[in-house]
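# Fold and contact review
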Amino acid sequence: MSLLDVESLDAGYGDLQILTDVDLDVEDGEYVTIVGPNGAGKSTVMKSVFGLTTYMGGTVTFAGEDITDTRPEDVIHKGLGYVPQSDNVFAELDVEENLEMGAYILDEVPEDALREVYDRFPILEERTGQKAGTMSGGQQQMLAMGRALMLDPDLLLLDEPSAGLAPDLVDEMFDKIDEINDTGTSILMVEQNAKEALRRCDRGYVLANGQNRYVDEGTKLLNDEEVRQQFLGG
């Protein structure tokens, strides 16, 4: 049984349907990437798993439990963490306050989880008292991921983690994601840097016009001539 299983999902925003009959699954410990052109519905898949869209049909199952159309505040209790593409830090709070917000559903902040985040992202410990809004884009992205990891999720949803980063920081961001996956956390990621994402992930999905187009091992999609010509720029 898959950790996450999305079957025949129809979803969108209000009356606007974006996804049609989308299927997707993530195995325990797996690293899965969704790629495709702008407007393909990639981020909508992520938001639908986390309960942030208008549900229109299909099912979403996580760890054997039907979480279809479950509210985000309830989803987070199930073992999912979500890092949106933008507005993903509390700008007026400092680094440690942001991380503490990641554990808001607990009675007290788990010190071991905080220690693990600082060990994984040393720059955050160096800037503990700095307001998040004054940090660089890469540092804010690390902070957002760190906050999502405070509850030790089984599955981490990442929406365009390299968006807006300076080129020299992109590899570092991907390395951090690799490290998170290597410790046992499953990853489902939407990524604009499709070639690098497919090179690193276990499996990839190609979406177009809100529908499944291709699914295979990441490197096989990367080397598929048709996929390269249509979606990866040759």
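The structure we're discussing is the one just above.
Residues numbered from 1 in each chain as written. Predicted model: local features only at pLDDT ≥ 70, side-chain atom pairs only at ≥ 80, totals over all residues. Heavy atoms only, no water.

For helix H7 (residues 167–182), built from 16 residues, the straight-helix expectation of 22 Å at 1.5 Å per residue is met to within 8% by its first-to-last C-alpha distance of 24 Å. Every buried residue belonging to H7 is among Val170, Met173, Phe174, Lys176, Ile177, Asp178, Ile180 and Asn181, and all of these are buried. Backbone geometry just after H7 places glycine 184 at a positive phi near 110°. (Helix = DSSP H or I, 4+ residues; strand = E, 2+ residues; numbered from the N terminus. Expected span 1.5 Å × (residues − 1). Buried < 20%, exposed > 50% of the residue type's maximum accessible area, 1.4 Å probe, protein only.)

With that out of the way, let us pick up helix H4 (residues 111–120). Those residues of H4 lying buried are Ala113, Leu114, Val117, Tyr118 and Arg120. For H4, the buried positions fall inside an angular range of 165° around the axis, keeping them on one side. Of the exposed residues in H4, the ones pointing more than 90 degrees away from its buried face are Glu111, Asp112, Glu116 and Asp119. (Arc of directions from axis to C-beta.)

This part covers the packing of aromatic side chains. On inspection of all chains with the given rule, the structure shows 2 aromatic pairs. Geometrically, the ring pair formed by phenylalanine 50 and tyrosine 82 is tilted, given 5.1 Å between the ring centres and 35° between the ring planes. Residue phenylalanine 50 is found in the loop between helix H1 (42–49) and strand S4 (54–62), and its partner tyrosine 82 is found in strand S6 (residues 80–83); the two are separated by 32 residues along the sequence. Judged by relative accessible area, phenylalanine 50 falls into the buried class, the value being 9%. Take tyrosine 82: its relative accessible area is 14%, and that puts it in the buried class. Summarising the aromatic geometry, the rings of tyrosine 214 and phenylalanine 231 are spaced 6.1 Å apart at their centres and angled 75° between planes, so their arrangement reads as edge-to-face. Here phenylalanine 231 lies in helix H10 (residues 225–231) and tyrosine 214 lies in strand S10 (residues 211–217), a separation of 17 residues in the sequence. Judged on exposure class, the residue tyrosine 214 and its partner phenylalanine 231 are both buried. (Phe/Tyr/Trp six-rings, centres within 6.5 Å; stacked < 30°, edge-to-face > 60°.)

So, about the sheet that holds strand S8 (residues 186–190). Strand order in this open sheet of 6 strands is S6-S7-S8-S3-S9-S10, and the pairing throughout is mixed. Two strands lie at the open edges of the sheet, namely S6 and S10, each paired on one side alone. The sheet shows a mean angle of 15° between the axes of neighbouring strands, taken without regard to direction. Alignment of S6 against strand S7 (residues 155–159), held across 4 bridges, turns out to be parallel. In the strand pairing of S7, glycine 81 is matched with leucine 156. Taken strand by strand, H7 contacts strand S3 (31–35), S7 and S8, and its axis lies near 150° from that of S8. (Pairing = 2+ DSSP bridges. Axes fitted to C-alpha atoms, helices over the stretch in contact; angles between N-to-C directions. Contact = heavy atoms within 4.5 Å.)

If you walk through the whole model with that rule in mind, you get 13 salt bridges. Between aspartate 25 and arginine 203 there is a salt bridge, and its shortest N-O distance comes to 3.0 Å. You can see aspartate 25 sitting in strand S2 (residues 16–26) and its partner arginine 203 sitting in strand S9 (residues 203–208), a full 178 residues away along the chain. Note that aspartate 178 is salt-bridged to arginine 200, the shortest N-O span being 2.4 Å. Remark: arginine 200 occurs in helix H8 (residues 194–200) and aspartate 178 occurs in helix H7; sequence separation between them is 22 residues. Both residues of the pair, aspartate 178 and arginine 200, belong to the buried class. By sharing partners, the salt bridges in this structure join Asp175, Asp178, Glu196, Arg199 and Arg200 into a single network. (Salt bridge = Lys/Arg side-chain N within 4 Å of Asp/Glu carboxyl O.)

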